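The chain contents come next:
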Amino acid sequence: YQNKVTLFWCVNTPEDAVYAKELNQISDSNPNFNFVVWASKDAGHISAEKLEIDNYSDKGYLLCGPNPLKENLIKQLKSKGVETKNIYEEEFAFR
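Residues numbered from 1 in each chain as written. Predicted model: local features only at pLDDT ≥ 70, side-chain atom pairs only at ≥ 80, totals over all residues. Heavy atoms only, no water.

Brief notes about the layout of surface pockets
A water-sized probe, rolled over the atoms, reveals where empty space remains. Roughly 1300 Å³ of volume is contained in the largest pocket. What lines the largest pocket is a set of 34 residues, among which Thr-6, Leu-7, Phe-8, Leu-62 and Leu-63 lie closest to the centre. At the level of elements, strand 1 (5–11), strand 3 (61–64) and helix 4 (67–79) are the ones that each hand at least two residues to the lining of the largest pocket. Here the lining of the largest pocket takes 7 residues from strand 1, the largest share from any one element. When the residues that make up the lining of the largest pocket are grouped by side-chain class, the tally is 23 nonpolar, 8 polar and 3 charged. (1 Å grid on protein atoms, 1.4 Å probe; cavity = no way out; pocket = protein on both sides within 12 Å on 5 of 7 lines; lining within 4 Å. Points joined across faces, edges and corners; volume = space filled by probe spheres on them. Helix = DSSP H or I, 4+ residues; strand = E, 2+ residues; numbered from the N terminus. Nonpolar A, V, L, I, M, F, W, Y, C, P; charged D, E, K, R; others polar.)

So this is what it looks like as structure tokens:
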């Protein structure tokens, strides 16, 4: 499989990323997987602009998180030229 995957895990602080060690180990051993802990307390809320992607339209996006986050990112990605068919959502809810 040749497609590359970058996982942006949004947390409040780096300490909140409880599986960061394991995901970093996977990233270190797999050239097609990149793992980024996005600590919003330090970097602010994640946005399409802050991802600094060279070409937004030639990628697929899977979003998982609270609805306001997903809706906001979908709007931003579409403004960058991403087609709806390349944006996937997963249901997320705090229990």
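A closer look at the nonpolar core
The biggest cluster of nonpolar side chains holds 13 residues, and the ones touching the most others in it are Tyr-56, Tyr-61, Leu-63, Leu-77, Val-82 and Ile-87. Contributing elements (two or more residues each) for this core: helix 3 (48–51), strand 3 and helix 4. Here the element with the most residues in this core is helix 4; it accounts for 3 residues. The residues contacting Ile-87, other than those within four sequence positions of it, are Tyr-61, Leu-63, Ile-74, Leu-77, Lys-78 and Val-82. Formed by 6 residues, the second largest nonpolar core is a distinct cluster that contains Ala-17, Ala-20, Leu-23 and Phe-35. (Core = buried A, V, L, I, M, F, W, Y, C linked by side-chain atoms within 4.5 Å. Buried < 20%, exposed > 50% of the residue type's maximum accessible area, 1.4 Å probe, protein only. Contact = heavy atoms within 4.5 Å.)

Observations regarding helix 1 (residues 20–29)
Looking at helix 1, one finds that the buried residues are Ala-20, Leu-23 and Ser-27. The buried residues of helix 1 occupy one face: seen down the axis, they fall within an arc of 70°. Helix 1 presents Lys-21, Asp-28 and Ser-29 as exposed residues on the side facing more than 90 degrees away from its buried surface. Among the structural elements, strand 1 and strand 2 (33–39) are those in contact with the buried residues of helix 1. (Arc of directions from axis to C-beta.)

Comments concerning the pairing of strand 1
As judged from the 7 bridges shared by strand 1 and strand 2, these two strands associate in the parallel manner. Counted as the bridge partner of Val-5 is Phe-33 from strand 2. (Pairing = 2+ DSSP bridges.)

Observations regarding the packing of aromatic side chains
This structure, assessed with the given rule, holds 2 aromatic pairs. Aromatic side chains Phe-8 and Trp-38 sit 6.5 Å apart centroid to centroid with 65° between the ring planes, which places their arrangement in the edge-to-face category. Of this pair, Phe-8 sits in strand 1 while Trp-38 sits in strand 2; the two residues are 30 residues apart in sequence, bridging distant segments of the chain. Relative to Phe-35, the ring of Trp-9 has its centre 6.2 Å away and its plane inclined at 50°; by these criteria the two rings are tilted. Of this pair, Trp-9 sits in strand 1 while Phe-35 sits in strand 2, and the two are 26 residues apart along the sequence. (Phe/Tyr/Trp six-rings, centres within 6.5 Å; stacked < 30°, edge-to-face > 60°.)

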